[in-house]
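# Structure assessment
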Amino acid sequence: MNWLSQNLHIVGQLLADHLALSIPPILLSLAISVPLGRLAAGSGRLRAPLLTATGLLYAIPSLALFVILPPILGLPLRSGATMVAALTVYGCALLVRGAADAFDSVPEDVRLAAAATGHSRWALFWRVELPLAGPVLLSALRVVVVSTVSLVTVGAVIGISSLGTLFTDGFQRGIDASIVTGIVLTVAVAFLLDALCVLAARALMPWQRVRA
Amino acid sequence: MNLFLEAIQWILDPASWTGEHQLGARVLEHLAFSAAVLLAAALLGIPAGIAIGHSGRGRGLVIALTSGARALPTLGLLTILGLGLGIGLEAPFLALLVLALPPVLAGAYAGVESVDRATVGAARAIGFTEWQVLACVELPLAAPVIIGGLRSAALQVISTATLAAYIADTGLGRPLFRALKTQEYGVMLGASILVALLALVVELCFHAIQSAAARRAEPHRTTPRRAHARARERTHR
């Protein structure tokens, strides 16, 4: 506790950095994965290649991806943008499959009924498919939220500052309190963002009692 | 793109395999270490998971463990154990075991639980003993999902074993961290590419094993993708 009170401003700054690195990739991967997942669910031909490709991306170790992505994207190694890009890749790797499963869960009858009552394809997507896919999509998103928050810390070993910096610093200087603070805060941030997702889903899908 | 050329040249350069970096030894270290962790996780997790799935008791524990483990930052676990246990292989071994256990446990539990109760009842009705039910009915039918759990654990372990070099100087993370210090970006990239390839090869091997198990469990119906999806559903929710 003593260590924490003396380093409160540093911890606060790292916490802010951590949030700034974890929220954009979550939103980006959601924005990219929903259309891709819909595409995979709707088409028999695209499904297998899309899901296999995103599944293999997930197999790449995070540290390796942090190093491989910058030269591909023309980014510097130690930058927030690298981190956001890499975490978006992971987010999509999990979410594209989740979104495909979510759109698969929309009953065909409902889709046909909506088409028969004159919904355009666009209206069908926004007013029928997306709301009905919501609950399954949410559970996939929650996995992405928690794993993204945890993965951000790995960037600390290549020098991208986040709560993970508390691990590398604490390890090099032999301060247990620093590492423990980092672990507790990372888990707390993960659960907090997860809870926010659930609350947002309740507000957006009031007809659905969201399962915890 | 120059960097990629440099990285590939470094991988293909025989000196990288014999000289300072000893790539062959690093790859073997990486694989052996990961395999040891996975074996330990399987020895602990599979019997426990099977017992939970078979009896239906302790289900809440598995769910809490798997969702809790996902939030736990790997690097934090590695460094705190590193401080506690000192430099060496013990800390990363323990940290990786903590990471590998939940998916293995969840896979074994979900696999046994997903076996159709009517099938189990039928086996009992024709006079199978409880052990025979387990060994001849539940396990073969659960195998694809159990292997699915091992597959996610293996992925996690191979990936984190790279990070383990941060405290134990072993495996393919070793050239990566060394090059990070000396700012040899080509070497870093080369090591990263090797790790990624290794992970992909292991993933494909597990995919093949899982497909074989699925064909054996349900020769007429289940495609490996569906079994995998089911395993993911159980372990990820």
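The rules we used
Position numbers for residues count from 1 along each chain, tracking the sequence in the order it is written. To read the labels, note that chains go from A and ligands from 1, taken in the order they are written. Side-chain atom pairs in this predicted model are given and counted only at pLDDT of 80 or more, local residue features only at pLDDT of at least 70, and totals for whole chains, interfaces and linings cover all residues. Only hydrogens and water are removed before side-chain values are computed, so all heavy atoms of the structure are retained for them. For the purposes of this entry, the term helix denotes a DSSP run of H or I that reaches at least four residues, the term strand denotes a run of E that reaches at least two, and both are numbered from the N terminus. Exposure is judged per residue with a 1.4 Å probe applied to protein chains only, and the accessible area is read against the type maximum: over 50% gives exposed, under 20% gives buried, and values in between give partly exposed. Between two residues, a contact is recorded if the distance between any of their heavy atoms is within 4.5 Å. Lys and Arg are tallied as positive, Asp and Glu as negative. Neither His nor the chain termini are counted. In this description, the location of a charge corresponds to atom NZ of lysine, CZ of arginine, CG of aspartate or CD of glutamate. Per-residue confidence from the predictor is given as pLDDT, running between 0 and 100. Between rings of Phe, Tyr and Trp, where Trp is taken as its six-membered ring, a pair exists when centres lie within 6.5 Å; planes separated by under 30 degrees are stacked, by over 60 edge-to-face, and by other angles tilted. Nonpolar cores are built from buried Ala, Val, Leu, Ile, Met, Phe, Trp, Tyr and Cys residues. Side-chain atoms within 4.5 Å join them into one set. Every axis in this analysis is a line fitted to C-alpha atoms, fitted for helices over the stretch in contact. Angles between the N-to-C directions lie between 0 and 180 degrees. Geometric relationships in this document are graded by angle, where less than 35 degrees denotes roughly parallel, more than 145 denotes roughly antiparallel, 65 to 115 denotes roughly perpendicular, and other angles denote oblique. When the near helix sits turned anticlockwise from the far one by under a right angle, the crossing is termed left-handed; a clockwise turn instead gives a right-handed crossing. For this classification, Asp, Glu, Lys and Arg are treated as charged, while Ala, Val, Leu, Ile, Met, Phe, Trp, Tyr, Cys and Pro are nonpolar and the rest, including Gly, are polar. The length a helix should cover is 1.5 Å for every residue beyond the first. One axis fitted to the seven residues ending at a residue, another fitted to the seven starting there: the angle between these axes is the bend at that residue. What counts as a salt bridge is simple: a side-chain nitrogen of Lys or Arg found within 4 Å of a carboxyl oxygen of Asp or Glu. Polar contacts, as counted here, are pairs of nitrogen or oxygen atoms within 3.5 Å of one another; within protein the pair requires one atom able to donate a hydrogen and one able to accept it, and residues that are adjacent in sequence qualify only if both atoms are side-chain atoms. Patch members must show over 30% relative accessible area and no salt bridge, and they are joined within 9 Å when carrying like charges or within 5 Å when they are nonpolar side chains of Val, Leu, Ile, Met, Phe, Trp or Tyr. Per-residue and other accessible areas were derived by the Shrake-Rupley procedure at a 1.4 Å probe size, with only the shown protein chains allowed to occlude residues.

Take the overall build of chain A next. When helices and strands are counted, chain A shows nine helices and zero strands. Projected onto its principal axes, the C-alpha coordinates of chain A cover approximately 65 × 40 × 20 Å. Across the 212 residues in chain A, those meeting the buried criterion constitute 53%. Nonlocal contacts in chain A, meaning residues at least 24 apart in sequence, comprise 74% of its contacts between residues at least 6 apart. For chain A, the separation between the mean place of its 13 positive charges and that of its 9 negative charges on side chains is 5 Å.

Another point: the confidence of the model for chain B. Residue and element names in this part refer to chain B. This prediction gives chain B a mean pLDDT of 81; 90% of its residues lie at or above 70. When mean pLDDT is compared element by element in chain B, helix 7 (residues 117-125) scores highest at 88, while helix 11 (residues 224-236) scores lowest at 50. Scored by ipTM, the complex comes to 0.79, with pTM at 0.80.

Next up on the list: the packing of aromatic side chains. Residue and element names in this part refer to chain A. Scanning the entire structure with this criterion turns up seven aromatic pairs over all chains. Ring centres of Trp 122 and Trp 126 lie 5.9 Å apart, and the angle between their planes is 70 degrees; this geometry places the pair in the edge-to-face category. With a gap of four residues between them, Trp 122 and Trp 126 both fall in helix 7 (residues 121-152), about one helical turn apart. On the basis of relative accessible area, Trp 126 is assigned to the partly exposed category, the value being 45%.

Attention now moves to the environment of Leu130(A). All names here are of chain A. Secondary-structure assignment places Leu 130 in helix 7. Sequence-wise, Leu 130 and Ser 162 are 32 residues apart; in three dimensions their C-alpha atoms are separated by 34 Å. Beyond its immediate stretch of four places on either side in the chain, Leu 130 contacts Val 34, Phe 103, Phe 125 and Leu 137.

Core analysis: the biggest nonpolar cluster contains 83 residues, and Leu63(A), Val157(A), Ile158(A), Leu163(B), Phe177(B), Met188(B) and Leu189(B) have the highest contact counts within it. In terms of nonpolar packing, the next biggest core, distinct from the first, is built from 34 residues, Ala142(B), Leu150(B), Ile158(B) and Ala213(B) among them.

Further remarks concern the environment of Leu194(B). Residue and element names in this part refer to chain B. Following the sequence through the fold, Leu 194 ends up in helix 10 (residues 185-217). On the accessibility criterion, Leu 194 (11% relative accessible area) is buried. Sequence spacing of Leu 194 and Val 27 is 167 residues, and the spatial spacing of their C-alpha atoms is 8.5 Å.

Another point: the packing of helix 6 (residues 90-114) of chain B against helix 8 (residues 130-168) of chain B. Residues and elements named next belong to chain B. Taken N-terminus to C-terminus, the directions of helix 6 and helix 8 make an angle of 165 degrees; their axes are 7 Å apart at the nearest point. Relative to helix 8, helix 6 is oriented roughly antiparallel. Judged by the twist between their axes, the crossing of helix 6 over helix 8 is right-handed. Among the residues making up the contact of helix 6 with helix 8, the classes are represented as 20 nonpolar, seven polar and one charged.

The next point concerns helix 6 of chain B. All names here are of chain B. Here helix 6 spans 36 Å end to end across 25 residues, near enough to the 36 Å set by a 1.5 Å rise per residue. Largest kink in helix 6: about 30 degrees, centred on Ala 100, with the proline Pro 102 one to four residues after it. By the criterion of burial, helix 6 is predominantly enclosed, with 18 of the 25 residues buried.

The final tally for this structure, using the stated rule, is nine salt bridges over all chains. Arg111(A) serves as the salt-bridge partner of Glu129(A), at 2.6 Å between the closest nitrogen and oxygen. Pair noted here: Glu129(A) is in helix 7 and Arg111(A) is in helix 6 (residues 108-116), with a separation of 18 residues, a long-range link. Owing to a relative accessible area of 1%, Glu129(A) belongs among the buried residues under this scheme. Its salt-bridge partner being Arg117(B), residue Glu138(B) comes within 3.4 Å of it at the nearest N-O pair. In this pair, Glu138(B) is assigned in helix 8 and Arg117(B) in helix 7, connecting sequence segments 21 residues apart. Using a relative accessible area of 0% as the deciding quantity, one classes Glu138(B) as buried. By sharing partners, the salt bridges in this structure join Arg38(A), Glu108(A), Arg111(A) and Glu129(A) into a single network.

A few words now on the interface of chain A and chain B. At the interface, 45 residues of chain A touch 40 residues of chain B. For the pair chain A and chain B, the interface holds zero salt bridges. Taken together, chain A and chain B are joined by one residue pair in polar contact (both at pLDDT 80 or more). At the level of elements, helix 3 (44-59), helix 4 (62-73), helix 5 (80-104), helix 7, helix 8 (165-173) and helix 9 (176-204) of chain A are the ones that each hand at least two residues to the side of chain A that touches chain B. The class makeup of the residues in the side of chain A that touches chain B is 31 nonpolar, eleven polar and three charged.

Here we take up a nonpolar patch on the surface. All names here are of chain A. A grouping of Leu 19, Ile 23 and Leu 27 is seen on the molecular surface, where their side chains present a nonpolar patch of about 240 Å² in accessible area. Mapped onto the elements of the fold, Leu 27 is located in helix 2 (residues 8-42). Looking at Leu 27, the relative accessible area reads 55%, which means it is exposed.

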